[in-house]
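Read off the chains here:
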Amino acid sequence: MKTLFIAIITLLSVTATVAQDNKNTAKFELGKGLDINLNGGEYNFNLNGFIQVYGAYRNEKDGEDESLFGVKNAFFGFKGGALHNKFTFMLEANFADSNPLMDAWAAYNLKDYLTITVGQKQTFTNNREMIMHEKNLSMADRSIVSQYFSGTGRELGLFFESKLYLGKIALKPSIAITTGDGRNSFGSSSIDVDMGGLKYGGRLDVLPLGEFKSGNDGVGADFAREESPKLLIGGAMSYNDGASNKVGEGHGDFILYDKDGDSKFPALRKIAADLLFKWQGWSIMAEYVNASATDLKGIYTKSTGDQPLQPEEIANYLNLGNGYNVQVGYLLKSGWGFDARFSKVKPEFKETETSPLWETNEYAVSVAKYFIDNRLMCQGAFTYLKNPNFKTANEKLSAEFSVQIIF
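Residues numbered from 1 in each chain as written. Predicted model: local features only at pLDDT ≥ 70, side-chain atom pairs only at ≥ 80, totals over all residues. Heavy atoms only, no water.

### Some remarks on the pattern of salt bridges
Counting across every chain of the model gives 25 salt bridges. We note a salt bridge from Glu134 to Arg154, for which the minimum N-O separation is 2.7 Å. With Glu134 in the loop between helix H2 (128-131) and helix H3 (144-149) and Arg154 in strand S8 (residues 154-162), this residue pair connects regions lying 20 residues apart in the sequence. In this structure, Glu134 and Arg154 share a single accessibility class: buried. The residue Glu211 makes a salt bridge to Lys172 at a minimum N-O spacing of 3.6 Å. Note that Glu211 is positioned in the loop between strand S11 (199-207) and strand S12 (230-240) and Lys172 in strand S10 (residues 169-178), a separation of 39 residues in sequence. Overall, Glu211 belongs to the partly exposed group, its relative accessible area being 28%. For Lys172, a relative accessible area of 18% translates into the label buried. Several salt bridges share partner residues, and in doing so they unite Glu29, Lys32, Asp373 and Arg375 into one network. (Salt bridge = Lys/Arg side-chain N within 4 Å of Asp/Glu carboxyl O. Helix = DSSP H or I, 4+ residues; strand = E, 2+ residues; numbered from the N terminus. Buried < 20%, exposed > 50% of the residue type's maximum accessible area, 1.4 Å probe, protein only.)

See below:
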C-alpha cells in the first residue's frame, strides 16, 4: 500500500504541469478517473476507484434479526500503459477488505490478438458473474453460486488471453497457470508458504452474433442498449493440483496427510458453462458450475497414517456439488433498472455437521436508479434464502439499500 500511496502523490504532483503542455494532457471524468497522457499518448496513467455504502436488515427464521450499516467496497486503482499501451499494468486495492490487495499485474499486448499477463488478477476460469468487477454488478451481491464456489476470483500466476474472428463470429480463448492458492498465496512469513501444486485452467467464449459494444459484456445491465441481439456462450474449466481451501482460493485452511505423515491434498476440479444475452435494455445471464474432487487415494485424515480418507469425507473439506443461476434484467432509458434471479446450489454428498456447503435456494430482486451509466447508483434489493436441511435458521430474508459512486 505504501507503493500505491507514493505513486498517487507523484502523479498528482505533476498533473498541473502536464495540463500546460500540448503533448501532455490531464483529464478527469466521473466513472473513468483521472487520465494523464504523456508524450502524445506514448505513456498514460489513470487513477480511479469506487465506493459502495449500504444499510441492511436481515430476518432469520429460528435465528436472530440484525441490522447492518457499513462500507461494502472501497476500491482505489492505479493503472497505466507504455509505448502506446504495448505494455500495461494495474494496481488495485479494496480498503473495505481485510486483505486489501486485489489486483497487481503487468501485461504485454501483442497486437490485438494476444495479451500475456503476469501477476495477481481476476481470473477467467470461474463462472461469468465472477468475471465481472464488483462495481459492474446489477444485483446487491453476487449469487450464492459465486459465493459458494469462489472467493474474490483473484489469483496469482500467468494468463494468456486471445481474440480470433471467423467472419462475424468472435472467439475468445484464454489459458491460465496459477499458484492454485488464490491471492498473494505465499503468505506473510517464511513459514506461511504455498501448499499443493499449481492450478491449470482455461475458458472459451463464443460470440455468434458479433461482439458487444465496448465493455458491455463486462457489466450486468445493458447500459449500451445493444441495437441488435448479442449473445455470448462460454465455458471454463480448471484443475487445482492440491487444494487446502474449500474453494481453492487460499491455503492451510485444513491439513491432510500421506501414509508417512507429510501433507497431501486432493485435487479440485471445476467446470463452468454460461451465457449472456443483451438487446435493447434486456439482459439475461445463465450459469452452471460443477466442483468435484479427485486424487483422493493415499490421503489420510491423521498424520499417523492409520485413518484413510473416505470418498464422501472430502465433502467436509471442499465445496463440492452443482450450482445454477439465472438472472433477468431490464434497463429503462430513464435509468431505472429492474433485476430478478434464482440460484440454487446442491452438494455432491449428503450434508453433515461439518459440511461447508449446504443445499440452498436463493430468490432475489432489485430496483436501481442509475445516473450516467452505473457511475452513480442507488439500489434497493430483497433476498430470500432457503436452506431446507439446516437445523436452525433455515430461512433468511434480507433487505438492503446501497449507494455507489465510481470516480
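On we go.
### What to know about the environment of Leu318
On the secondary structure map, Leu318 appears in the loop between strand S14 (282-294) and strand S15 (321-331). Of the residues examined, Leu318 reaches a relative accessible area of 0% and is grouped as buried. When the C-alpha atoms of Leu318 and Pro229 are compared, they prove to be 39 Å apart, with 89 residues separating the residues in sequence. The contacts of Leu318, once residues within four sequence positions are left out, are Ala243, Asn245, Lys246, Phe254, Pro266, Leu268, Ala293 and Pro356. (Contact = heavy atoms within 4.5 Å.)

### Side note on the packing of aromatic side chains
Each aromatic ring pair is characterised by the separation of its centres together with the angle its planes make. Evaluation of the coordinates by the stated rule reveals 14 aromatic pairs. Taken together, a centroid distance of 4.6 Å and an interplanar angle of 40 degrees make the contact between Trp282 and Tyr330 tilted. You can see Trp282 sitting in strand S14 and its partner Tyr330 sitting in strand S15, a full 48 residues away along the chain. Through pairs of rings, three or more aromatic residues link up here, namely Phe45, Phe78 and Phe89. The cationic tip of Lys121 hangs over the ring face of Phe159; the distance from NZ or CZ to the ring centre is 5.6 Å. (Phe/Tyr/Trp six-rings, centres within 6.5 Å; stacked < 30°, edge-to-face > 60°. Lys NZ or Arg CZ within 6 Å of the ring centre and 35° of its normal.)

### Description of unusual backbone geometry
Across the chain, the bulk of peptide bonds are trans and the bulk of non-glycine residues have phi less than zero. One non-glycine residue, His84, lies in the positive phi region at around 55 degrees. Mapping His84 onto the fold places it in the loop between strand S4 (66-82) and strand S5 (87-94). The exposure class assigned to His84 is exposed, which follows from its relative accessible area of 55%. Phi is positive for Asp373, which is not a glycine, with a value near 60 degrees. Structurally, Asp373 is set in the loop between strand S17 (360-371) and strand S18 (376-386). Owing to a relative accessible area of 38%, Asp373 belongs among the partly exposed residues under this scheme.

### Quick look at the nonpolar core
It is characteristic of soluble globular proteins that their nonpolar side chains tend to be buried jointly. Ranked by size, the top nonpolar core spans 22 residues in total, and within it Phe149, Ile314, Leu318 and Val345 carry the most contacts. Counting only elements with at least two residues in this core, the list comes to H3, strand S13 (267-279) and S14. Here this core takes 4 residues from H3, the largest share from any one element. Beyond its immediate chain neighbours, meaning those up to four positions away, Val345 contacts Ile144, Val145, Tyr148, Phe149, Asn322, Gly323, Leu357, Trp358, Glu359 and Thr360. If you look at the next biggest cluster of nonpolar residues, it comprises 8 residues, including Leu137, Phe212, Leu232 and Leu276. (Core = buried A, V, L, I, M, F, W, Y, C linked by side-chain atoms within 4.5 Å.)

### As for a nonpolar patch on the surface
A contiguous nonpolar patch, built from Val118, Leu158, Ile175, Ile177, Leu198 and Tyr200 and spanning about 500 Å² of accessible area, is present on the exposed surface. On the secondary structure map, Ile177 appears in strand S10. (Patch = residues over 30% accessible without salt bridge, like charges linked within 9 Å, V, L, I, M, F, W, Y side chains within 5 Å. Areas by Shrake-Rupley, 256 points an atom, 1.4 Å probe, with all protein chains shown as cover.)

### Quick look at the pairing of strand S7 (residues 114-122)
Two elements, strand S6 (residues 101-110) and S7, share 7 bridges in a ladder whose sense is antiparallel. From the neighbouring strand, Ala104 faces S7, where its bridge partner is Gln120. Taken together, S6 and the strand that follows it, S7, pair antiparallel across an intervening segment of 3 residues, in which Lys111 is found at a positive phi of about 55 degrees. Alignment of S7 against S8, held across 9 bridges, turns out to be antiparallel. Paired with Thr117 across the strands is Phe159, a residue of S8. (Pairing = 2+ DSSP bridges.)

### Topic: the environment of Met130
Relative to the elements of secondary structure, Met130 occurs in helix H2. With 16 residues separating them in the primary sequence, Met130 and Ser146 have C-alpha atoms 6.3 Å apart. Setting aside chain neighbours within four positions, we find Met130 in contact with Gln122, Arg142, Ser146, Ser150, Gly151, Thr152 and Gly153.

### What to know about the layout of surface pockets
There is about 1400 Å³ of room inside the second largest pocket. Lining the second largest pocket are 50 residues; nearest its centre among them are Asp141, Arg142, Gln147, Ser150 and Gly151. Every element with two or more residues in the lining of the second largest pocket is listed here: strand S3 (43-60), S4, H3, S17, S18 and strand S19 (395-406). Looking at the lining of the second largest pocket, its residues break down into 15 nonpolar, 20 polar and 15 charged. (1 Å grid on protein atoms, 1.4 Å probe; cavity = no way out; pocket = protein on both sides within 12 Å on 5 of 7 lines; lining within 4 Å. Points joined across faces, edges and corners; volume = space filled by probe spheres on them. Nonpolar A, V, L, I, M, F, W, Y, C, P; charged D, E, K, R; others polar.)

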